[in-house]
Amino acid sequence: IYRPLERAVAPRRRPGSARPSSPTLPGAVEARVLLDLAKVRLDAGDYDAAVGLGRRAAVDAAGSGDESLAARATVDLATTLARTIRGRDREAETLLRTALQLARALGDQQLAAEVEREIGYLHFLGADYGAAEAALARAIALGIQIDDRLAMGRARTILGACQSDR
């Protein structure tokens, strides 16, 4: 059975060469499609494809001029890196810190709460409970400010895991 989306990975190119954009889709649309595909591949356990698609989405989003989309793509790539094989946590944290700056600059408190939660999750995975709890407390505070119970609940879940691991 041939499944064309089963192994969607970035085409090979020489280092430093720009990735050509799709001849049929504008950058922002292509980035959104790639983000969705990356999530599907991540859920299917195809981590390499998810990372590749996430990276392509981040490049397209950054080139689209849509800062909100660029921030979302950065968060999604970082989240994908954090959920895959260990060893990519530093890259994920760097991306999350960049995304947090973008979210703050855009005034997007919901995205900032998500980023703080993901930073807390990374610190939790590394058994740095103090840093995890501080980031999760910021995520909960942002969730309270924007009255987002789901954001608060997700952060509190990880916070509970931190406290039970101590």
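The coordinates are above.
### A look at the packing of aromatic side chains
In step 1: Applying the stated criterion across every chain, the model contains 2 aromatic pairs.
In step 2: Summarising the aromatic geometry, the rings of Y121 and F124 are spaced 6.5 Å apart at their centres and angled 35 degrees between planes, so their arrangement reads as tilted. Here F124 and Y121 lie together in helix 5 (residues 109-125), a separation of 3 residues that amounts to about one turn. Accessibility classification places Y121 together with F124 in one group, the buried group.

### Overview of the environment of D148
In step 1: For D148, the location among the structural elements is in the loop between helix 6 (129-145) and helix 7 (149-165).
In step 2: Judged by its relative accessible area of 15%, D148 is buried.
In step 3: C-alpha separation for the pair D148 and Q110, spaced 38 residues apart in sequence, amounts to 7.9 Å.
In step 4: Setting aside residues no more than four positions away along its own chain, D148 makes contact with Q110 and G143.
In step 5: In terms of polar contacts, D148 uses its side chain to reach the side chain of Q110, at 3.1 Å.
In step 6: In this structure the side chain of D148 is engaged in a polar contact, spanning 3.0 Å, whose partner is the backbone nitrogen of A151.

### Observations regarding the packing of helix 5 against helix 7
In step 1: For the pair helix 5 and helix 7, the least separation of the axes is 10 Å and the interaxial angle reads 20 degrees. Our classification of the angle between helix 5 and helix 7 gives roughly parallel. Between helix 5 and helix 7 the crossing geometry is left-handed. Across from R117, Y121 and F124 in helix 5, the residues of helix 7 making contact are R154, A155, I158, A161, C162 and D165.
In step 2: When grouped by side-chain class, the residues that make up the contact of helix 5 with helix 7 number 6 nonpolar, no polar and 3 charged.

The rules behind the values
- Residues numbered from 1 in each chain as written.
- Predicted model: local features only at pLDDT ≥ 70, side-chain atom pairs only at ≥ 80, totals over all residues.
- Heavy atoms only, no water.
- Phe/Tyr/Trp six-rings, centres within 6.5 Å; stacked < 30°, edge-to-face > 60°.
- Helix = DSSP H or I, 4+ residues; strand = E, 2+ residues; numbered from the N terminus.
- Buried < 20%, exposed > 50% of the residue type's maximum accessible area, 1.4 Å probe, protein only.
- Contact = heavy atoms within 4.5 Å.
- Polar contact = N/O pair within 3.5 Å; in protein donor to acceptor, adjacent residues only side chain to side chain.
- Axes fitted to C-alpha atoms, helices over the stretch in contact; angles between N-to-C directions.
- Parallel < 35°, antiparallel > 145°, perpendicular 65-115°, else oblique.
- Left-handed = near helix turned anticlockwise from the far one by under 90°.
- Nonpolar A, V, L, I, M, F, W, Y, C, P; charged D, E, K, R; others polar.

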